[in-house]
Amino acid sequence: MFSEGAELPDDQLSDFLSSALSGINWARHHSVESYSGIFWALTRLVGCYERLSVLYEGYAATKADELCYDAELEIEHLLVRLRVLIDELAYVIRVCMPPAIRGLSQPKGPGPLQYRQFSIRELLKFVRKHPDVSTALTKLLENNRQDIERFVSRRDDIVHFRAKAIIFRTNTMRVGFLDSRLSTSNGAIEHTDLREFIEPALVWVWRFMQSDLVQYFREEIAVGSLEFDSVGIGPHKISMPGSVRLKKLLNTKCRSDERSDVQD
């Protein structure tokens, strides 16, 4: 998955999704439309990851309480930004589909189409009710439903139901979440190492957008539901604050998965 990125500079990653979307748009409109909302959301999410990593490393060295206060706010910020990115991905799925689909609304909001919004929950409900409309879409969302709902629900708990992140001060930062639904009856709060919470989230959403979603578009192109025409530009690349750390994480995870496959 990340083999092409191995030859890029340390601060660049291959952006297969942008390459796929450019070819789809070129075939449909003979123009390269911008889905800058994805890049906007991704840069802010990765920025949260970078800041949390710095706080985590600083705490390991100093055990300073003020770093924990900052981390509690930053982890909530990360979950909000993760939901924004997921919705931006839902938006590009929807706008590449026919405008009129029974049981599925269009992006909503004022102004031009590119500034409107579309919720991932709309797509999740749609494929549950109409799984045969697109087998590729149903596979994409059902294979990722558990992670999508876990992160979206956690964000909703924070934004709408007064949940909060709590940092537990041990040898490392550990994070748990408190509200009336997430806490247990005896008052105990489940918590995990901060890195073990945020790093799997980053790996999952990257693979969702750069592997699973790209494969969805490939399958739709193969059956003729979408047209594709090479634009003559690309492959696309991403560079942003935090991309060096993210690239190391992705490559480390990829190598770990390869070792697991060999052992199996």
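The shown structure was predicted, so the numbers you read here are calculated from the model rather than taken from an experiment. (Residues numbered from 1 in each chain as written. Predicted model: local features only at pLDDT ≥ 70, side-chain atom pairs only at ≥ 80, totals over all residues. Heavy atoms only, no water.)

Student: Help me out: how do you make sense of the pairing of strand β3 (residues 173-178) in this one?
Tutor: One face of the sheet, then the other: side chains in a regular strand alternate in exactly this way. Bridge count between strand β2 (residues 164-169) and β3: 6 bridges; the pairing is antiparallel. The residue bridging Lys164 from the neighbouring strand is Leu178, located in β3. The hairpin formed by β2 and β3 contains 3 residues between the paired strands. Pairing between β3 and strand β4 (residues 191-193): 3 bridges, direction antiparallel. Residue pairing in the sheet places Gly176 in a bridge with His191 of β4. (Pairing = 2+ DSSP bridges. Helix = DSSP H or I, 4+ residues; strand = E, 2+ residues; numbered from the N terminus.)

Student: Would you take a moment to explain the packing of helix α3 (residues 65-95) against helix α5 (residues 135-160) for this structure?
Tutor: Packed helix pairs are characterised by how far apart their axes lie and by the angle those axes make with each other. One way to put it is that α3 packs onto α5 with a least axis distance of 9 Å and a crossing angle of 145°. Crossing of α3 over α5 shows left-handed handedness. For the pair formed by α3 and α5, the contact residues are Glu76, Leu79, Val80, Leu82, Arg83, Ile86 and Ile93 on the first element and Leu137, Leu140, Ile148, Phe151, Val152, Arg154, Arg155, Asp156, Ile158 and Val159 on the second. Residue composition of the contact of α3 with α5, grouped by class: 12 nonpolar, no polar and 5 charged. (Axes fitted to C-alpha atoms, helices over the stretch in contact; angles between N-to-C directions. Left-handed = near helix turned anticlockwise from the far one by under 90°. Contact = heavy atoms within 4.5 Å. Nonpolar A, V, L, I, M, F, W, Y, C, P; charged D, E, K, R; others polar.)

Student: How do you make sense of helix α6 (residues 194-222) when you look at a structure like this?
Tutor: Residues lying three or four places apart along an α-helix face the same way, a consequence of the helix completing one turn every 3.6 residues. For α6, with 29 residues, the first-to-last C-alpha span of 41 Å sits near the 42 Å given by 1.5 Å per residue. At Phe208, α6 is bent by approximately 40°, the largest bend along its length. Here α6 starts with a cap whose side-chain oxygen sits 3.0 Å from the backbone nitrogen of Arg195, and that cap is Asp193. Two residues or fewer after α6 comes Gly224, characterised by a positive phi angle close to 90°. (Expected span 1.5 Å × (residues − 1). Bend = angle between axes of the 7 residues up to and from the residue. Polar contact = N/O pair within 3.5 Å; in protein donor to acceptor, adjacent residues only side chain to side chain.)

Student: So what exactly am I meant to see when it comes to the side chain of Asp15 here?
Tutor: Topologically, Asp15 is positioned in the loop between β1 (13-14) and α1 (16-29). A polar atom in the side chain of Asp15 sits 2.4 Å from the side chain of Ser18. Look past the residues within four positions of Asp15 in its chain and what remains in contact with it is Gln210, His236, Lys237 and Ile238.

Student: Can you help me understand the packing of aromatic side chains in this one?
Tutor: Any pair of aromatic rings gets described here by the distance separating the centres and the angle formed by the planes. Counting across every chain of the model gives 5 aromatic pairs. Both rings, one in Phe151 and one in Phe197, keep their centres 6.5 Å apart while their planes meet at 75°; by these two values the pair is edge-to-face. Remark: Phe197 occurs in helix α6 and Phe151 occurs in helix α5; sequence separation between them is 46 residues. Assessed through its relative accessible area of 3%, Phe151 is described here as buried. These aromatic residues form a ring-pair network of at least three members: Phe151, Phe177, Phe197, Trp204 and Phe208. Directly above the ring of Phe151 sits Arg150, whose terminal nitrogen or CZ lies 4.3 Å from the centroid. If you follow Arg154 out to its NZ or CZ, it ends over the ring of Phe177, 4.2 Å from the centre. (Phe/Tyr/Trp six-rings, centres within 6.5 Å; stacked < 30°, edge-to-face > 60°. Buried < 20%, exposed > 50% of the residue type's maximum accessible area, 1.4 Å probe, protein only. Lys NZ or Arg CZ within 6 Å of the ring centre and 35° of its normal.)

Student: How should the environment of Leu104 be read in this particular structure?
Tutor: Mapped onto the elements, Leu104 comes out in the loop between α3 and α4 (120-129). Relative accessible area serves as the criterion here: at 6%, Leu104 is assigned to the buried category. When the C-alpha atoms of Leu104 and Arg94 are compared, they prove to be 8.9 Å apart, with 10 residues separating the residues in sequence. If we skip the residues at most four places from it in the chain, Leu104 touches Arg94, Met97, Phe118, Glu122, Leu123 and Phe126.

Student: Hey, could you run me through the sheet that holds β4 in this one?
Tutor: Reading across from one edge, β2-β3-β4 is the order of the 3 strands in this open sheet, with antiparallel pairing throughout. Edge positions in the open sheet fall to β2 and β4, since each of these has one partner strand only. On average, adjacent strands in this sheet sit at an angle of 30° to one another, irrespective of strand direction.

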